[in-house]
Amino acid sequence: MPKYFGYAGRILRVDLTKNKIKTEPTEKGLIMEFIGGRGFNSRRLYEEVPASVDPLSPENKLMFATGPLVGTAFPLGARFNVSAKSPLTGILGDSNAGGHFAAEVKFAGYDQIIIEGRSPKPCLIFIQDRETQILDAAHLVGKDVYETTEIVRKDLGRRVQVATVGPAAENLVPYSGVFVNLARPAARTGMGTVMASKNLKAVVLKGTGSVKIADSGAFWRIVEEIEEETYAHPQYWPRRVMGTTRILSLANDLGFLPTRHFTSATFEHAAKVSGERLAREYNVKNRACFSCIVPCSRIYVVREGDYAGLYGEGPEYEALSSFTARVGNSNLNLALKAVDLANRLGLDAITTAECIAWAMELHERGDLDKEETDGLELDWGNGKIILELIEKIAYRKGFGDLLADGVRRAAEKLGKGKEIAFHVKGLELIQADPRGLKGYGLGYAVSSRGADHLRSEPFLELSDDPDKGMEKFGIPEATLRLAYKGKGRLVRYFENWCAVTDSLEICKNLAENMELLPLKRAAEITEAVTGLHFTKESMWEIGERIVNLERAYLVREGITRKDDQLPARFVKEPLPNGSSKGSVFEMEPMLNEYYEERGWDSNGIPKRQKLRETRLEYVVKDLKRSPVKTRQKKNLKERCS
Amino acid sequence: MKRIVVDVDRCSGCRLCEVVCSFAHENVFGPSVSRITVLKEDAFGFDLPVTCWHCRRCLAIESCPSKALTKNPEGLVYANEGKCTGCGKCVKACYVGAIKLHPERHTPLICDLCGGKPLCVRKCPTKALTYSETRLQRPKLPSKVLEETLRKWRIVA
């Protein structure tokens with residue numbers, strides 16, 4: 001019996017090359033420093049996957065991890081992180097998803113699953129109550145996500161939870177995701193590709209275990225507080241009715257909806273493809289992740305028009321906006337079909353849409369000949385071509401093969417369109433124009449996995465309320481979305497909060513955007529569940545530690561200030577329309593403030609003192625040897641001699 | 001008789017009922033020891049909580065070779081763990097699948113309505129579960145509910 005509760009207490013290690021299965025205890029030291037989930041993964045990745053490892057080689061390791069609150073009746077969702085070195089960006093790869101997979105990991109008896117090596121033939125890992133088997137999966141090769149899940153459930157039991165990859169991953173498209181519960185992908189940074197590169201088609205779980213907690217009195221008191229607040233929250237019903245798709249209209253009104261590849265900030269057909277329309281005309285019911293009290297996922301049925309009879313779960317704002325505004329498509333049915341197709345093939349909708357939109361803009365400029373695109377007329381919103389391209393990308397056919405490497409490599413290979421390839425560190429931008437949201441923009445630039453909002457998500461700036469900025473950060477401009485001052489402090493605060501939320505594996509929509517799990521309450525609930533002592537301060541420190549460790553990982557890979565930049569369009573071209581019209585994005589002052597807040601040097605490298613404060617002494621020696629420092633020394637030597 | 005009645009259109013499939021049930025009865029969070037089970041079909045987004053209806057004529061009681069299953073004076077199906085041999089015949093006999101065996105004790109887990117205040121009903125976030133008077137003598141077959149629901153959503157004709 002461990003001295004702490006909440007955790008399963010075991011970490012599973014599967015070596016596919018040697019066909020070896022090992023378990024290790026979840027150590028208390030690791031828990032106190034990283035809590036779980038993303039923290040666990042980042043720590044192991046730092047230790048076990050050094051800079052020299054090729055992301056698609058057997059040396060890369062794929063890790064699934066959950067947190068201490070997962071599997072209990074804690075009402076704010078249950079997620080898992082999947083991490084490895086990313087084949088898309090070449091740096092830290094990490095993505096998380098909800099559904100029912102995470103809880104099953106705990107019930108099967110593990111906190112983290114680490115997959116190493118490469119199987120000689122297609123296989124799947126079947127974990128049933130601490131019994132792990134590596135089974136043959138030849139019959140699943142080439143099957144899409146939905147088919148694979150269905151076949152596995154038929155073979156191994158209706159109630160098993162399946163994490164699988166689609167054909168895109170098998171074709172090594174570097175932005176394919178790991179899918180659970182059919183339509184819930186951990187899609188960003190290409191974790192599915194890493195999984196497929198190990199010849200692993202699925203991780204299947206079934207567990208009859210349970211989670212025990214330390215202090216049930218405190219647990220239920222906090223849960224009841226949260227329930228009360230949630231049901232009275234002004235966002236409760238909008239989220240329940242529309243999920244995140246409600247953001248589409250909001251983004252259009254506030255002028256940050258990336259339309260036609262960020263050439264416009266408002267979309268004239270926004271009402272036709274909005275979450276409101278989806279809720280009114282398509283949705284039949286709501287669904288939720290494990291133990292979550294806000295059922296924000298929706299089942300839609302297309303009743304008439306094109307693709308009538310199509311049904312499925314979702315989509316969320318990112319995927320919806322990907323295949324509507326971003327590619328200039330005003331046909332909602334078609335967008336639903338595109339999201340469904342991307343899900344089945346196992347692609348990341350955001351990156352796929354960026355690649356397609358990039359090609360469309362090149363075509364509009366006249367930079368792309370018909371011969372280069374296999375005769376496809378890449379006009380904005382051309383539905384047939386969008387669907388055809390998604391399929392071509394997944395199977396790497398013709399023009400799709402170029403787009404299948406991500407927009408950074410596509411631009412390099414084609415030799416044009418580099419300035420309109422919208423990515424940071426190789427990861428494509430999400431659906432919010434940073435010119436209309438400065439804090440989010442800074443978040444994209446400094447995020448440890450590339451251009452993504454989920455590392456910081458400084459939603460407070462959407463409130464445009466200077467009082468909040470004054471109260472929380474002592475700088476009124478911090479919460480004004482078009483102001484620059486105070487954004488460093490804002491982003492640091494939210495990055496630390498997100499790191500803790502990710503490590504507890506709780507949904508950020510609820511914990512963060514609805515402000516239901518501030519750090520103080522996070523500490524209380526973690527203490528009630530685990531019986532270990534946590535405070536608001538120790539939670540903050542954990543957040544700080546995770547962000548610094550991930551930064552150190554990036555620095556070891558050669559990332560510095562020059563990579564913490566946004567694409568040229570956002571810095572140079574003012575927004576042409578919408579309510580943020582005329583804005584550009586000024587990077588440098590915000591970046592300086594952010595580095596200073598973080599205790600990093602002007603190059604974006606954590607200072608030794610900062611690392612010592614966050615108890616990351618083991619990182620110091622790696623940073624000393626980092627390619628950047630070596631290069632600097634070499635330059636200095638050359639200059640001196 | 002008051003029973004746990006399910007509104008299938010409202011159920012979000014979150015399985016909170018399973019974990020609060022297991023906590024109320026076994027003091028742990030684990031769906032494998034809950035007395036309510038959510039049947040799920042991800043492909044259609046279909047979720048159906050299933051628990052003991054305490055049917056007037058209970059097929060599980062009839063199937064029990066050791067007479068461990070009986071009805072108590074209020075008409076609730078009840079397992080006498082001392083007599084139970086763990087054969088699992090009741091699990092197969094219950095036609096909605098409301099009974100499962102405890103993974104360690106191998107005795108049947110049957111809903112006791114929490115003594116008249118079912119916790120799953122109280123905690124259900126979407127009010128899909130209600131504790132109400134119903135005259136229906138036996139619940140609908142899950143496959144029938146699925147079929148009806150899909151027809152209602154116009155997923156099948």
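Rules of the game
Residues numbered from 1 in each chain as written. Chains lettered and ligands numbered in written order. Predicted model: local features only at pLDDT ≥ 70, side-chain atom pairs only at ≥ 80, totals over all residues. Helix = DSSP H or I, 4+ residues; strand = E, 2+ residues; numbered from the N terminus. Rg over C-alpha atoms; globule rule 2.2 N^0.38 Å. Buried ≥ 20, exposed ≤ 12 C-beta atoms within 10 Å, placed from the backbone. Contact = placed C-beta atoms within 7 Å. Pairing = 2+ DSSP bridges. Axes fitted to C-alpha atoms, helices over the stretch in contact; angles between N-to-C directions. Nonpolar A, V, L, I, M, F, W, Y, C, P; charged D, E, K, R; others polar. Domains from an automatic or database assignment. Core = buried A, V, L, I, M, F, W, Y, C linked by C-beta atoms within 7 Å. Parallel < 35°, antiparallel > 145°, perpendicular 65-115°, else oblique. Left-handed = near helix turned anticlockwise from the far one by under 90°. Expected span 1.5 Å × (residues − 1).

Turning our attention to the overall build of chain A. Assigned secondary structure in chain A consists of 27 helices and 17 strands. Relative to the 2.2 N^0.38 estimate, which gives 26 Å for 641 residues, the radius of gyration of chain A is 23 Å and therefore close to what a compact globule would have. The principal-axis extent of the C-alpha atoms belonging to chain A is close to 65 × 65 × 60 Å. Counting every position in chain A, which comprises 641 residues, the buried fraction comes to 61%. Taking all contacts inside chain A whose residues are at least 6 apart in sequence as the whole, residues at least 24 apart take part in 68%.

Across its full length, chain B holds five helices and eight strands. Reading chain B from its N terminus to its C terminus gives the helix and strand order β-α-β-β-α-β-β-α-β-β-α-β-α. Over its C-alpha trace chain B gives a radius of gyration of 15 Å, about what one expects of a compact globule, namely 15 Å for 157 residues. With respect to the principal axes defined by its C-alpha atoms, chain B has extents near 50 × 30 × 30 Å.

All names here are of chain A. Pairing within the open sheet is mixed, and its six strands lie in the order β2-β1-β6-β3-β4-β5. Since the sheet does not close on itself, it has two edges, and those belong to β2 (20-25) and β5 (92-97), each with one partner. With direction set aside, neighbouring strand axes in the sheet form an average angle of 15°. Bridging between strand β4 (residues 80-85) and β5 involves six bridges; their strand directions are antiparallel. Paired with Asn-81 across the two strands is Asn-96, which belongs to β5.

Attention now goes to the interface of chain A and chain B. On the side of chain B, 24 residues touch chain A, which itself brings 29 residues to the contact. Of all the elements in the fold, those that place two or more residues in the side of chain A that touches chain B are α4 (145-156), β13 (283-287), β14 (297-301) and β15 (311-313) of chain A. With four residues, the top contributor of residues to the side of chain A that touches chain B is β13(A). Of the residues assigned to the side of chain A that touches chain B, the class counts are 15 nonpolar, eight polar and six charged.

The next point concerns the domain arrangement of chain A. All names here are of chain A. According to the domain assignment, chain A contains domain 1 (10-206), domain 2 (234-428) and domain 3 (444-515 + 535-640). Put simply, the middle of domain 1 and the middle of domain 2, counted by C-alpha atoms, are 26 Å apart. Across the contact, 37 residues belong to domain 1 and 26 residues belong to domain 2. Among the elements of the structure, α3 (101-107), α4 and α5 (167-170) are those that each provide at least two residues to the side of domain 1 that touches domain 2. For the side of domain 1 that touches domain 2, the element with the highest residue contribution is α5, accounting for three residues.

With that settled, the discussion passes to unusual backbone geometry. Residues and elements named next belong to chain A. Backbone torsion omega between Gly-314 and Pro-315 reads -15°, so that peptide bond is classified as cis. Mapping Pro-315 onto the fold places it in the loop between β15 and α11 (317-322). With a phi angle near 45°, Arg-260 is a residue other than glycine that sits in the positive phi range. Here Arg-260 is to be found in the loop between α9 (247-254) and α10 (275-281).

All names here are of chain A. What the three strands build is an open sheet, ordered β13-β14-β15; its pairing is antiparallel. Taken across any chain shown, the strands that pair with only one partner, and hence form the sheet edges, are β13 and β15. Taken over all neighbouring pairs, the strand axes of this sheet differ in orientation by 15° on average, direction set aside. Where β13 and β14 come together, four bridges link them in antiparallel fashion. Bridge pairing in β14 links Asn-286 to Arg-298.

This paragraph deals with the nonpolar core. The tendency in soluble globular proteins is for nonpolar side chains to be buried side by side. All names here are of chain A. Counting residues in hydrophobic clusters, the biggest one holds 249 residues, and the most contacted among them are Leu-76, Val-204 and Leu-347. Ranked by the residues each element gives to this core, the list is headed by helix α13 (residues 349-365), at 10 residues. In this structure, Leu-76 is in contact with Ile-226, Cys-292, Ile-506, Cys-507, Leu-510, Ala-511, Leu-516 and Leu-517, ignoring residues within four places of it in sequence.

Right, let's talk about the packing of helix α19 (residues 487-504) of chain A against helix α24 (residues 587-598) of chain A for a bit. Residue and element names in this part refer to chain A. Two elements in contact, α19 and α24, have axes separated by 7 Å at closest approach and are oriented at 50°. Between α19 and α24, the angle is such that the two are oblique. For the pair α19 and α24, the sense of crossing is right-handed. On α24, the residues touching Lys-487, Gly-488, Arg-489, Val-491 and Arg-492 of α19 are Met-590, Glu-593, Tyr-594, Glu-596, Glu-597 and Arg-598.

Turning our eyes to something else, we now look at the packing of helix α2 (residues 37-48) of chain A against α19(A). Residues and elements named next belong to chain A. Running from amino to carboxyl end, α2 crosses α19 at an angle of 95°, the nearest separation of the two axes being 4 Å. Taken together, the axes of α2 and α19 lie roughly perpendicular to each other. Taken together, the residues of α19 that come into contact with α2 (itself represented by Gly-37, Arg-38 and Gly-39) are Ala-499, Asp-502, Ser-503 and Leu-504. Partitioned by chemical class, the residues of the contact of α2 with α19 number two nonpolar, three polar and two charged.

Residue and element names in this part refer to chain A. Within the fold, Cys-123 resides in strand β7 (residues 123-128). Judged by the 22 C-beta atoms lying within 10 Å of it, Cys-123 falls in the buried class. Each C-alpha atom, one on Cys-123 and one on Leu-16, is 9.0 Å from the other, the two residues being 107 residues apart in sequence.

Bringing α13(A) into the picture now. An ideal rise of 1.5 Å per residue puts 24 Å on 17 residues; α13(A) measures up with 24 Å between its terminal C-alpha atoms. A positive phi of about 90° marks A:Gly366, the residue just after α13(A).

Residues and elements named next belong to chain A. Checked against the element boundaries, Lys-425 lands in the loop between β16 (423-424) and β17 (427-428). Residue Lys-425 is classed as buried on the basis of its C-beta count, with 26 C-beta atoms lying within 10 Å. For the pair Lys-425 and Gln-128, spaced 297 residues apart in sequence, the C-alpha separation works out to 39 Å. Once residues lying within four places of it in the same chain are set aside, the contact partners of Lys-425 are Thr-89, Ile-91, Gly-450, Ile-559 and Asp-563.

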